[in-house]
Amino acid sequence: MSDIAERVKKIVVEHLGVDAEKVTDNANFIDDLGADSLDTVELVMAFEEEFGVEIPDDAAETIVTVGDAIKFLEKNASA
Amino acid sequence: MFDLSGRKALVTGATGGIGGAIARALHAQGAEVALSGTRREALDALAGELGGRTHVVPANLSDKEAVEGLVPAAEAAMGGLDILVNNAGITRDNLFMRMKDEEWEAVVAVNLTASFRLMRAAVKTMMRRRYGRIVSIGSVVGTTGNPGQGNYAASKAGLVGMSKALAAEVASRNITVNCVAPGFIESPMTDALNDKQRESILANVPAGRLGTGRDVAAAVLYLASEEAGYVTGATLHVNGGMAMI
């Protein structure tokens, strides 16, 4: 697992209070991990902070699974 | 009760009568206060009067960029933001049929749109901290209407609806969003009324006197306190009974 994937999963576990084994690449934040729409906004803010990157709204809308977040950040993260 | 030690507050329109009273009340309860307004000298004078725990962050709320910069400036000055008081407001009264688009737009821009942008910025940082108090100063006119104030009444009623929507979104994050709606409050404008005008206003105020900035500030102080954590989406009317709503 890449460093970025690990950090993303850690944020998701901490933020949503879910078990780490549930946080798979295919896990959908809302359907599988019980996030509400406000949680998804907060997750995006947490990713922005952790990775020093700005995630525009149209990109944020495409991030619906843990894997989506990892893919986006592997492409765009600065650190 | 209502101890604000360690809390960081931003007050807009702090040079006005009500805004100044609000800043004084929050400061007296121990809050660190960022004072905003358009008149730098008046802000400096208020900061000087209050002494420590104050910052001056001037901003013209009819300027979008200045609005966008205000919450970050206050956060930078204080190292965070716990309390936002949207107090700044303007009037451009005119009879409806004569009201110009510019009069409508100027009032909505400062009273409603600037408040929206400040709340949007503030709630982001409050979400991270899992704590926040947002209080907007509405008006009795937002509920009752008033001839000559179609724009002002709309902007103040708009604050109430907007606050309720945001309150519902962020209640689970320990952030409350409320309004205080003053009635007739002593100000340079009411000082200019003659005795007859004053009498006719007071005839409709069961309390028999005009309100003061302190009356309004006390309501703001309550809603800004930790104790008011279960009060959200509410409008607290401070009008001496002139409208019991």
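Residues numbered from 1 in each chain as written. Chains lettered and ligands numbered in written order. Predicted model: local features only at pLDDT ≥ 70, side-chain atom pairs only at ≥ 80, totals over all residues. Heavy atoms only, no water.

**Digging into the pairing of strand 4 (residues 83-86) of chain B**
All names here are of chain B. Side chains Ile83 and Val85 of strand 4 all project onto a buried face; the interleaved residues Leu84 and Asn86 project onto the opposite face, where all are buried too. The pairing of strand 1 (residues 8-11) with strand 4 spans three bridges and is parallel. Considered in strand 4, the bridge of Leu10 is made with Leu84. Crossover strand 4 to strand 5 (residues 132-137) through helix 4 (residues 101-129) is right-handed. (Buried < 20%, exposed > 50% of the residue type's maximum accessible area, 1.4 Å probe, protein only. Helix = DSSP H or I, 4+ residues; strand = E, 2+ residues; numbered from the N terminus. Pairing = 2+ DSSP bridges. Right-handed = clockwise from strand over helix to strand, strands pointing away.)

**Notes on the pairing of strand 2 (residues 32-35) of chain B**
Residue and element names in this part refer to chain B. Of the two faces of strand 2, the one lined by Glu32 and Ala34 and the one lined by Val33 and Leu35 are each fully buried. Relative to strand 2, strand 1 runs parallel, the two sharing four bridges. Opposite Val11, over in strand 2, you have Leu35 as the bridge partner. Between the parallel elements strand 1 and strand 2, the chain passes through helix 1 (residues 17-28) in a crossover that is right-handed. Judged from the three bridges that link them, strand 2 and strand 3 (residues 54-56) form a sheet pairing that is parallel. Residue pairing for strand 3: Ala34 is matched across the bridge by His55. A crossover links strand 2 with its parallel partner strand 3, the connecting element being helix 2 (residues 40-50), and its sense is right-handed.

**Examining the layout of surface pockets**
All names here are of chain B. Approximately 1500 Å³ is the volume attributed to the largest pocket. What lines the largest pocket is a set of 50 residues, among which Ile18, Gly89, Thr91, Tyr152 and Met189 lie closest to the centre. Of all the secondary structure elements, the ones that give two or more residues to the lining of the largest pocket are helix 1, helix 5 (141-144), helix 6 (150-170), helix 7 (188-191) and helix 8 (195-202). Residue classes in the lining of the largest pocket are distributed as 19 nonpolar, 26 polar and five charged. Of the pockets and cavities examined, the second largest pocket occupies roughly 880 Å³. (1 Å grid on protein atoms, 1.4 Å probe; cavity = no way out; pocket = protein on both sides within 12 Å on 5 of 7 lines; lining within 4 Å. Points joined across faces, edges and corners; volume = space filled by probe spheres on them. Nonpolar A, V, L, I, M, F, W, Y, C, P; charged D, E, K, R; others polar.)

**Quick notes on the packing of helix 2 (residues 37-51) of chain A against helix 4 of chain B**
Direction vectors running N to C along helix 2 of chain A and helix 4 of chain B enclose 85°, while the axes themselves pass 11 Å from each other. Compared by their axis directions, helix 2 of chain A and helix 4 of chain B come out roughly perpendicular. Residue-level inspection shows Leu38, Glu42, Met45 and Glu49 of chain A of helix 2 of chain A in contact with helix 4 of chain B, the latter providing Lys124, Met127 and Arg128 of chain B. In the contact of helix 2 of chain A with helix 4 of chain B, the residues fall into three nonpolar, no polar and four charged. (Axes fitted to C-alpha atoms, helices over the stretch in contact; angles between N-to-C directions. Parallel < 35°, antiparallel > 145°, perpendicular 65-115°, else oblique. Contact = heavy atoms within 4.5 Å.)

**Some details on the packing of aromatic side chains**
Two numbers describe a pair of aromatic rings. These are the distance of the centres and the angle of the planes. Residues and elements named next belong to chain B. Counted according to the given criterion, the structure contains one aromatic pair over all chains. Each ring, one from Phe2 and one from Tyr222, has its centre 5.7 Å from the other, and the planes form 75°; the classification is edge-to-face. Of this pair, Phe2 sits in the segment before strand 1 while Tyr222 sits in helix 9 (residues 213-224), and the two are 220 residues apart along the sequence. (Phe/Tyr/Trp six-rings, centres within 6.5 Å; stacked < 30°, edge-to-face > 60°.)

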